[in-house]
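Coordinate analysis (summary)
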Amino acid sequence: MIRAATDARANDVVILGVTVLTSATEQTLREIGIADKVANQVLRLAGLGVEAGIDGLVASPHEIKTLRSEFGGKIKIAVQGIRPRWAEPGDQKRFMTPREALEAGADYIGIGRPITAHRNPREAVNEFWRNYRCAHDMMTLTE
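Keep in mind that this is a model prediction, so the values were computed, not measured.

1. As for the pattern of salt bridges
As enumerated under the stated definition, the model contains four salt bridges in all. Linking Asp55 and Arg9 is a salt bridge whose minimum nitrogen-to-oxygen distance equals 2.7 Å. Residue Asp55 is located in the loop between helix H3 (38-52) and strand S2 (56-59), and its partner Arg9 is located in the loop between helix H1 (2-8) and strand S1 (16-18); the two are separated by 46 residues in the primary sequence. Judged by relative accessible area, which is 26%, Asp55 ranks as partly exposed. The salt bridge involving Glu103 is made with Arg99; its shortest N-O contact spans 3.8 Å. On the criterion of helical spacing, the pair formed by Glu103 and Arg99 is a turn pair, its members being four residues apart in helix H5 (residues 98-104). A residue is classified by how much of its surface remains accessible, and Glu103, at 60% relative accessible area, is exposed.

2. Regarding the nonpolar core
Judged by nonpolar contacts, the single largest core of 22 residues is most densely connected at Ile64, Leu67 and Val79. For this core, the secondary-structure elements that each account for two or more residues are H3, S2, helix H4 (64-71), strand S3 (76-79) and H5. A total of four residues in this core trace back to one element, the largest contributor, which is H3.

3. Comments concerning the environment of Val13
You can see Val13 is positioned in the loop between H1 and S1. Sequence-wise, Val13 and Arg119 are 106 residues apart; in three dimensions their C-alpha atoms are separated by 35 Å.

4. Focus: H3
With 15 residues, H3 extends 21 Å from end C-alpha to end C-alpha; this agrees with the ideal 21 Å at 1.5 Å per step. Regarding H3, the residues found buried are Val38, Gln41, Val42, Ala46, Gly49, Val50 and Ala52. Burial along H3 is one-sided: seen end-on, the buried residues are contained in an arc of 160°. Where H3 is buried, its residues contact H1, helix H2 (26-31), S2 and H4. Directly beyond the C-terminal end of H3, a positive phi value near 100° is found at Gly53.

5. Considerations on the packing of H3 against H4
Taken N-terminus to C-terminus, the directions of H3 and H4 make an angle of 40°; their axes are 11 Å apart at the nearest point. Between H3 and H4, the interaxial angle falls into the category oblique. Here H3 runs over H4; the crossing is right-handed. Contact with H3, carried on its side by Val42, Leu43, Ala46, Gly47 and Val50, involves Thr66, Leu67, Glu70 and Phe71 of H4 and no other residues of that element. For the contact of H3 with H4, the per-class residue count stands at six nonpolar, two polar and one charged.

6. Overview of the sheet that holds strand S4 (residues 108-109)
Read from one edge of the open sheet, four strands run S1-S2-S3-S4, paired in parallel fashion. Both edges of this open sheet fall to S1 and S4, since each of them pairs with a single strand only. Bridging between S2 and S3 involves four bridges; their strand directions are parallel. The residue bridging Gly56 from the neighbouring strand is Lys76, located in S3.

About the thresholds
Counting restarts for each chain, with residues numbered from 1 along the sequence as it is written. Confidence filtering applies because this is a predicted model: local features only for residues at pLDDT of at least 70, side-chain atom pairs given and counted only at 80 or more, and all residues used for totals across whole chains, interfaces and linings. The side-chain figures draw on all heavy atoms in the structure; neither hydrogens nor water molecules are used. Salt bridge, as used here: a side-chain nitrogen of Lys or Arg that lies within 4 Å of a carboxyl oxygen of Asp or Glu. Here a helix means four or more residues in a row that DSSP labels H or I, a strand means two or more in a row labelled E, and each is numbered from the N terminus. Between buried and exposed lies partly exposed: a residue is buried under 20% and exposed over 50% of the maximum accessible area for its type, with that area taken using a 1.4 Å probe on protein chains only. By nonpolar core is meant a set of buried Ala, Val, Leu, Ile, Met, Phe, Trp, Tyr and Cys residues that side-chain atoms within 4.5 Å join together. Given the number of residues in a helix, its expected span is that number minus one, multiplied by 1.5 Å. This arc is taken over the directions from the axis of the helix to the C-beta atoms. The contact criterion used throughout is that any non-hydrogen atoms of two residues lie within 4.5 Å. Angles shown run from 0 to 180 degrees and are taken between the N-to-C directions of axes, each axis being a line fitted to C-alpha atoms and, for helices, limited to the stretch in contact. Here the word oblique covers every angle except those under 35 degrees (roughly parallel), over 145 (roughly antiparallel) and from 65 to 115 (roughly perpendicular). The crossing is said to be left-handed when, going from far helix to near helix, the turn is anticlockwise and less than a right angle, and right-handed when the turn is clockwise. Three classes are used: nonpolar for Ala, Val, Leu, Ile, Met, Phe, Trp, Tyr, Cys and Pro, charged for Asp, Glu, Lys and Arg, and polar for all others, with Gly counted as polar. Think of it this way: DSSP has to see at least two bridges between two strands before they count as a pair.

So, in structure tokens, the structure goes:
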């Protein structure tokens, strides 16, 4: 399926493969019949995707360093489970702050519920930008 997607894509389409959801734990994996550790399952799925020609991975920020070590710059890494210090983790089990994820080597970070579930999403966005000003393309943060 992955190979079919990469073979059929247009030149400007980027294909990302999802590894293990940030709300998953080893208990969650066991419940679906996977007896391995989360980190091993992430690497297994990532390897299948990279071998099939994907451009990047969606992963937990906890796997960034392992993925970088294994695949270097061959792939982009987009991480979910990003929680600014002021946000509740919710159901996320493997999360980091934006700064931690970028310093670990993430290419892209996804911040969803800390904004969408906030009583005032506009205020949440403003709070995020006050605390984490991202310089375009440089991925550096200042406080």
